[in-house]
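So the chains spell out like this:
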Amino acid sequence: TGSLEGMRNLKDLNDDRVTVGDGTSIVAEKIGDKIITIVQEDGNERDVILSGCKYVPKLGPFSLFSLTYSKDKGYKLGNEGKSIILRKGDFKLKFDRIINTKSGYVCGILTKGKKNTDVANSTLEKSSLVDVNYFHELLGHFGEQKTHEIANYYGVKFNSCSDCAKAKAKKANVPKSISDEKRSKLPGSVSF
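The model shown is predicted, which means the values in this text are computed figures rather than measured ones.

Some details on the overall build of the protein
Phase 1: For the protein, the helix and strand inventory stands at four helices and nine strands.
Phase 2: Start at the N end of the protein and walk to the C end: the helices and strands fall as β-β-β-α-β-β-β-β-β-β-α-α-α.
Phase 3: The proportion of buried residues among the 192 residues of the protein is 22%.
Phase 4: Considering only contacts within the protein whose residues lie at least 6 apart along the sequence, 43% involve residues at least 24 apart.
Phase 5: For the protein, the accessible area works out to roughly 14,700 Å², and carbon and sulfur atoms hold 52% of it.

Structure follows, in structure tokens:
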């Protein structure tokens, strides 16, 4: 890839080169995992992590994909018409963008970069004692289901968060008119 966007777990490379289609060899500076969203021609999107992705600044806005590396990782190579298909289990990646050349065509995929959203790594050990509200706050008041899953993983007992309950609460309807017996007798006060 020619961009560090979406890259994580980066390590510097020393004198590592990548050979491109015309036989030219260009320098790869880093290696890591790249998080991307693949947009298929039918509009379906899928987030994937490309492990062992090399950062090669001279590629510019383009990325190259090694089919042989994928085959070595257990992916099956096939086709549907002109499109190249990679499969592993229930995962299917279709190179469905056909780019015509002078002597044939090249298959590609449309991707959208993902901003690196990692903010911290876990420092809790399983079954460590943690204040539930602090734990939930650390997760950014995550949805309740995901918070329970994470809490279960770490052995943290989690009850509903009072701040989240307040945020979900709805205000009671205020009637447009109030009968005289329910009306407050003191000006400026409210009766319930």
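A look at the layout of surface pockets
In this approach the atoms are scanned with a rolling probe the size of a water molecule, which exposes any empty space left behind.
Phase 1: In this structure, the largest pocket spans a volume of roughly 1,700 Å³.
Phase 2: Forming the boundary of the largest pocket are 50 residues, of which Ser-63, Leu-64, Phe-65, Ser-66 and Phe-95 lie nearest the centre.
Phase 3: At seven residues, the largest contribution of residues to the lining of the largest pocket is made by strand E3 (residues 45–55).
Phase 4: A per-class count over the lining of the largest pocket returns 28 nonpolar, 15 polar and seven charged.

Regarding the packing of aromatic side chains
Phase 1: Summed over all chains, the structure comprises two aromatic pairs.
Phase 2: With centroids separated by 5.2 Å and ring planes inclined at 65°, the aromatic side chains of Phe-65 and Phe-95 adopt a geometry described as edge-to-face. Of this pair, Phe-65 sits in the loop between E3 and helix H1 (67–72) while Phe-95 sits in strand E6 (residues 91–95), and the two are 30 residues apart along the sequence.
Phase 3: Overall, Phe-65 belongs to the partly exposed group, its relative accessible area being 31%.

Concerning the pairing of strand E1 (residues 7–19)
Phase 1: Where E1 meets strand E2 (residues 25–39), eight bridges bridge the pair, whose relative direction is antiparallel. Bridge pairing in E2 places Asp-12 opposite Lys-30.
Phase 2: Between the antiparallel neighbours E1 and E2 lie five residues, among them Gly-23 with a positive phi of about 90°.

A short note on the environment of Arg-87
Phase 1: Within the secondary structure, Arg-87 is located in strand E5 (residues 83–88).
Phase 2: With relative accessibility at 39%, the residue Arg-87 sits in the partly exposed group.
Phase 3: Sequence spacing of Arg-87 and Leu-77 is 10 residues, and the spatial spacing of their C-alpha atoms is 6.7 Å.
Phase 4: Look past the residues within four positions of Arg-87 in its chain and what remains in contact with it is Gly-74, Tyr-75, Lys-76, Glu-80 and Lys-92.
Phase 5: A distance of 3.4 Å separates polar atoms of two side chains, one belonging to Arg-87 and the other to Glu-80.

Structural notes on the side chain of Asp-96
Phase 1: When you line up the elements, Asp-96 lands in the loop between E6 and strand E7 (97–100).
Phase 2: For Asp-96, a relative accessible area of 5% corresponds to the buried category.

Overview of the sheet that holds E6
Phase 1: Spatial ordering of the open sheet is given by E4-E5-E6, a layout of three strands whose pairing is antiparallel. Of all strands in the sheet, those bounded by a partner on one side alone are strand E4 (76–80) and E6. In this sheet, adjacent strand axes meet at a mean angle of 25° when their direction is disregarded.
Phase 2: In this structure, E5 lies alongside E6, joined through five bridges in antiparallel fashion. The partner of Leu-86 across the bridge, within E6, is Leu-93.

Side note on the nonpolar core
Most often, soluble globular proteins keep nonpolar side chains buried together rather than apart.
Phase 1: If you look at the biggest cluster of nonpolar residues, it comprises eight residues: Ile-36, Ile-38, Val-48, Leu-86, Phe-91, Leu-93, Phe-95 and Cys-107.
Phase 2: The set of elements that each furnish at least two residues to this core consists of E2 and E6.
Phase 3: Setting aside anything within four residues of it in sequence, one finds Ile-38 in contact with Asn-44, Glu-45, Arg-46, Val-48, Leu-93, Ile-109, Leu-110 and Thr-111.
Phase 4: Counting six residues, the second largest nonpolar core, distinct from the first, contains Ile-26, Ala-28, Val-56 and Leu-59.

Conventions adopted
Residues numbered from 1 in each chain as written. Predicted model: local features only at pLDDT ≥ 70, side-chain atom pairs only at ≥ 80, totals over all residues. Heavy atoms only, no water. Helix = DSSP H or I, 4+ residues; strand = E, 2+ residues; numbered from the N terminus. Buried < 20%, exposed > 50% of the residue type's maximum accessible area, 1.4 Å probe, protein only. Contact = heavy atoms within 4.5 Å. Areas by Shrake-Rupley, 256 points an atom, 1.4 Å probe, with all protein chains shown as cover. 1 Å grid on protein atoms, 1.4 Å probe; cavity = no way out; pocket = protein on both sides within 12 Å on 5 of 7 lines; lining within 4 Å. Points joined across faces, edges and corners; volume = space filled by probe spheres on them. Nonpolar A, V, L, I, M, F, W, Y, C, P; charged D, E, K, R; others polar. Phe/Tyr/Trp six-rings, centres within 6.5 Å; stacked < 30°, edge-to-face > 60°. Pairing = 2+ DSSP bridges. Polar contact = N/O pair within 3.5 Å; in protein donor to acceptor, adjacent residues only side chain to side chain. Axes fitted to C-alpha atoms, helices over the stretch in contact; angles between N-to-C directions. Core = buried A, V, L, I, M, F, W, Y, C linked by side-chain atoms within 4.5 Å.

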